[in-house]
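What follows is the residue order along each chain.
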Amino acid sequence: MFPATGRTTTDPPRLRPGTLEVRRAGPRLSPRDRRRLWTGLAFVSPWIVGVVVFVLYPVVYSFVVSLTRYSGMNSPDFVGFTNYVSAAVDPLVRTSIGNTLLYAVVAVPCSLLVALVVAIAMNQDLREVRWYRTALYIPSLVPTFALGFIFIVFVNPQFGVVNQVLRVFGAGDVNLLGDPRTIKFVIVAMAQLAAGNAALIFLAGLRAVPPTLYEAARVDGAGPVRQFLSITLPLISPVVLFNLITGISSALQVFTEGYVVSAGVSDAVGGPDNGTLFYMLYVYRNAFSYASLGYASALAFLLFVVGVTLSALVYVLSKRFVNYDLDAG
């Protein structure tokens, strides 16, 4: 018989007042595991140092400078959030945001589609496919600075190839670079020549799809379109997500295209009529043309916040269409 203590034999023992509960410590790492841990940290240390030096420190420093009035020559004066208030009422900020969003909305989907088509062409089972891959990838190796001048020649209203083609169909000379509405689409078209990098990533995803799935689909009577929609697209959805996030990041930071094209067709950077005044171009103008580093840092930090927010939003929404399980595809 057990004494009547008011608890059953399955209840945990009660601690006496003034005593401490001693919990078991987790398993300690063996000397071999510690060596492996330090070896792994040594291999990833260049990446850690790179992120701290080239990402975290610039972000923190940019935020600190954004709270000051600083020209780069004199001592910074603390002004609090005045630069952010000024950005909220600056009409050129709204113009640059509109230009950048229009570019991103048009260029990112077009770039994904072009890159996917190029990757499918690279994935064909042909003897000469290596030559095709090289030819399709070479345009992405051309520097953006050079591409800008090439496109200025292509769409020149007097002797450009585009206008010569339009004349064949009876159209007159069109000054695509002189109109602030059409010049943005010229830059969008120029961005498609850099689709080779995303195409290589798509190609890696296409090569990872098991061929047995296509064979089973053909046996069941599925055509090429059904195979692409039911097999290829679901299984390369992680690759689509990666290219989508990197594409959004690149589109929000578009700079070189607008700088080169606008400098070649107008006197002011961002012209004509601020048609190519992208957000990063306006940051550059404030930092180096107006010597307003504090205001430029505030604009840059706002872009960082927006970019991180959009990437996180895309990543959260991607759970609805991204498939990481081969069996579920």
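Just so we're clear, the structure is a prediction, and the values are computed from it rather than from any experiment.

Tallying secondary structure elements over the chain gives 14 helices and two strands in all. The buried share of the chain, reckoned over its 329 residues, is 31%. Within the chain, counting contacts between residues at least 6 apart in sequence, those at least 24 apart form 64% of the total. By element, 67% of the accessible surface of the chain is carried by carbon and sulfur atoms, the whole surface being about 21400 Å².

We now examine the nonpolar core. By size, the foremost hydrophobic cluster in this structure holds 55 residues, and its most contacted members are Tyr103, Leu177, Phe202 and Leu299. The element that contributes the greatest number of residues to this core is helix α3 (residues 91–122), accounting for 11 residues. What Tyr103 contacts, discounting residues up to four positions off in sequence, is Val108, Ile187, Val188, Ala191, Ala251, Val254, Glu257 and Phe278.

With respect to the element layout, Asn243 can be found in helix α11 (residues 237–252). Those residues in contact with Asn243 that sit more than four places away from it in its chain are Leu112, Ala198, Ile201 and Phe202.

It is the contact of α11 with helix α14 (residues 293–317), at a shortest axis distance of 10 Å, that shows an interaxial angle of 160 degrees. With respect to their mutual orientation, α11 and α14 come out roughly antiparallel. You can see that α11 and α14 cross each other, and the crossing is right-handed. Listed contacts from α14 to Leu241, Leu244, Ile245, Ile248 and Leu252 of α11 are Leu303, Gly307, Leu310, Ser311, Val314 and Tyr315. By residue class, the composition of the contact of α11 with α14 is nine nonpolar, two polar and no charged.

In this section: the packing of aromatic side chains. Counted according to the given criterion, the structure contains 11 aromatic pairs. Between the aromatic rings of Phe63 and Phe301, the centroid separation amounts to 4.9 Å while the plane-to-plane angle is 45 degrees, which identifies the pairing as tilted. In this pair, Phe63 sits in helix α1 (residues 31–66) while Phe301 sits in helix α14, placing the two residues 238 residues apart along the sequence.

Calculation criteria
- Residues numbered from 1 in each chain as written.
- Predicted model: local features only at pLDDT ≥ 70, side-chain atom pairs only at ≥ 80, totals over all residues.
- Heavy atoms only, no water.
- Helix = DSSP H or I, 4+ residues; strand = E, 2+ residues; numbered from the N terminus.
- Buried < 20%, exposed > 50% of the residue type's maximum accessible area, 1.4 Å probe, protein only.
- Contact = heavy atoms within 4.5 Å.
- Areas by Shrake-Rupley, 256 points an atom, 1.4 Å probe, with all protein chains shown as cover.
- Core = buried A, V, L, I, M, F, W, Y, C linked by side-chain atoms within 4.5 Å.
- Axes fitted to C-alpha atoms, helices over the stretch in contact; angles between N-to-C directions.
- Parallel < 35°, antiparallel > 145°, perpendicular 65-115°, else oblique.
- Left-handed = near helix turned anticlockwise from the far one by under 90°.
- Nonpolar A, V, L, I, M, F, W, Y, C, P; charged D, E, K, R; others polar.
- Phe/Tyr/Trp six-rings, centres within 6.5 Å; stacked < 30°, edge-to-face > 60°.

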